[in-house]
Amino acid sequence: GESVGLHLPTLSVQEGDNSIINCAYSNSASDYFIWYKQESGKGPQFIIDIRSNMDKRQGQRVTVLLNKTVKHLSLQIAATQPGDSAVYFCAEKGPSPKLSFGAGTTVTVRA
Amino acid sequence: DTAVSQTPKYLVTQMGNDKSIKCEQNLGHDTMYWYKQDSKKFLKIMFSYNNKELIINETVPNRFSPKSPDKAHLNLHINSLELGDSAVYFCASSRDTGELFFGEGSRLTVL
């Protein structure tokens, strides 16, 4: 499953499929980007980060891609599992210490 | 063992009252934050302190006053509560350039 365009508030994906969550950021001076996962009733949890001197970074089952030319960030989740159901946020940080969050994408995994 | 802990987890109060939310982190971080999450899950920064010094103060009503007695604590006091203050408030901490670690949130309901 994939969120098409700049941002979709919800994404429904079949268990076992790959998920792609997209995010457009606003500040061209941003040099640090983070993806967070927020489960119901909990605080946001760090998934993966990337700095502006990279365009791809991989973690366990997750990959973040950064396209600075079009100010676009994506999170790919391989073999999506029921435990991946959550709200996902991208966040950007520039020279200031402020971490600004995008609107979240709610991912629902279908069994 | 909780890295960032905030109390209370739930707070229900009447309009016009004054309330406080406390936050403590045991990660040894220098920077702490308060974020507000509205009913649409949008996360917005309110304040940030670095070593007890205020470094971020977004456009927040002056009814909201943060206090940092030491670098491990950042409390949020809210005067004359209004219906629109109902939200989930998240405390977070970070090293200077790294990811933010969030608490579990404090859900404030103003009646």
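For the structure itself, look to the data block above.
What comes next concerns the included structure. Per-chain numbering applies: the sequence of each chain, read as written, is numbered from 1 onward. Here chains are named by letter from A upward and ligands by number from 1 upward, in the order in which they appear as written. Given that the model is predicted, a residue must reach a pLDDT of at least 70 before its local features are reported, and side-chain atom pairs must reach 80 or more before they are shown or counted; all residues, however, enter totals for whole chains, interfaces and linings. The side-chain figures draw on all heavy atoms in the structure; neither hydrogens nor water molecules are used.

Secondary structure assignment for chain B yields zero helices and 11 strands. Secondary structure is summarised from DSSP: a helix means a run of H or I of at least four residues, a strand means a run of E of at least two, and numbering begins at the N terminus for each. Helices (α) and strands (β) of chain B occur, in sequence order from the N terminus, as β-β-β-β-β-β-β-β-β-β-β. Radius of gyration (C-alpha) of chain B: 13 Å, near the 13 Å computed for a compact globule of 111 residues. Projected onto its principal axes, the C-alpha coordinates of chain B cover approximately 35 × 25 × 25 Å. For each residue, the accessible area found with a 1.4 Å probe, counting protein chains only, is set against the maximum for its type, and the residue is called buried under 20%, exposed over 50%, and partly exposed in between. Relative to its 111 residues, chain B shows a buried fraction of 43%. Roughly 5,700 Å² of accessible area belongs to chain B as shown, and the carbon and sulfur atoms make up 49% of that amount. Positive and negative side-chain charges of chain B, numbering 13 and 13 respectively, have mean locations separated by a distance of 5 Å. For a compact globule the rule gives 2.2 Å times the number of residues to the power 0.38, and the radius of gyration it is set against comes from C-alpha atoms. A 1.4 Å probe and the Shrake-Rupley method give the accessible areas. Residues count as covered only by the protein chains that appear here. Positive charges come from Lys and Arg alone, negative charges from Asp and Glu alone, with His and the N- and C-terminal ends not counted. In this description, the location of a charge corresponds to atom NZ of lysine, CZ of arginine, CG of aspartate or CD of glutamate.

Among buried residues, those of type Ala, Val, Leu, Ile, Met, Phe, Trp, Tyr and Cys that are joined through side-chain atoms within 4.5 Å constitute a nonpolar core. Grouped together as the largest cluster of nonpolar side chains are 20 residues, with contacts concentrated most on Ile21, Trp35, Leu73, Leu75, Tyr88 and Val107 of chain A. Broken down by secondary-structure element, the contributors of at least two residues to this core are β1 (10-14), β2 (19-24), β3 (32-38), β4 (45-51), β6 (62-67), β7 (72-77), β8 (86-93) and β10 (105-110) of chain A. Note on definitions: a residue-residue contact is assigned when non-hydrogen atoms from the two residues lie within 4.5 Å. Leaving out residues up to four positions away in the same chain, leucine 73 of chain A has contacts with Ile21, Asn22, Cys23, Phe33, Trp35, Ile50, Val64, Leu65, Leu66 and Cys90 of chain A. In terms of nonpolar packing, the next biggest core, distinct from the first, is built from 19 residues, Val4, Met32, Phe47 and Ala87 of chain B among them.

Moving on, we get to the pattern of salt bridges. Every case where a carboxyl oxygen of Asp or Glu lies within 4 Å of a side-chain nitrogen of Lys or Arg is listed as a salt bridge. Taken as a whole and judged by the stated rule, the model has six salt bridges over all chains. Between arginine 61 of chain A and aspartate 84 of chain A there is a salt bridge; the shortest N-O distance is 2.9 Å. Taken as a pair, arginine 61 of chain A in the loop between β5 (56-58) and β6 and aspartate 84 of chain A in the loop between β7 and β8 lie far apart in primary sequence, 23 residues in all. Judged by relative accessible area, arginine 61 of chain A falls into the partly exposed class, the value being 30%. For lysine 71 of chain B, the salt bridge is made with aspartate 30 of chain B, and the minimal N-O distance between the two is 2.9 Å. Remark: aspartate 30 of chain B occurs in the loop between β3 (19-25) and β4 (31-37) and lysine 71 of chain B occurs in the loop between β7 (64-70) and β8 (73-78); sequence separation between them is 41 residues. Residue classification places lysine 71 of chain B among the partly exposed residues on the basis of a relative accessible area of 36%. A relative accessible area of 24% means that aspartate 30 of chain B is categorised as partly exposed. Linked by salt bridges that have partners in common, Arg63, Glu82 and Asp85 of chain B make up one network.

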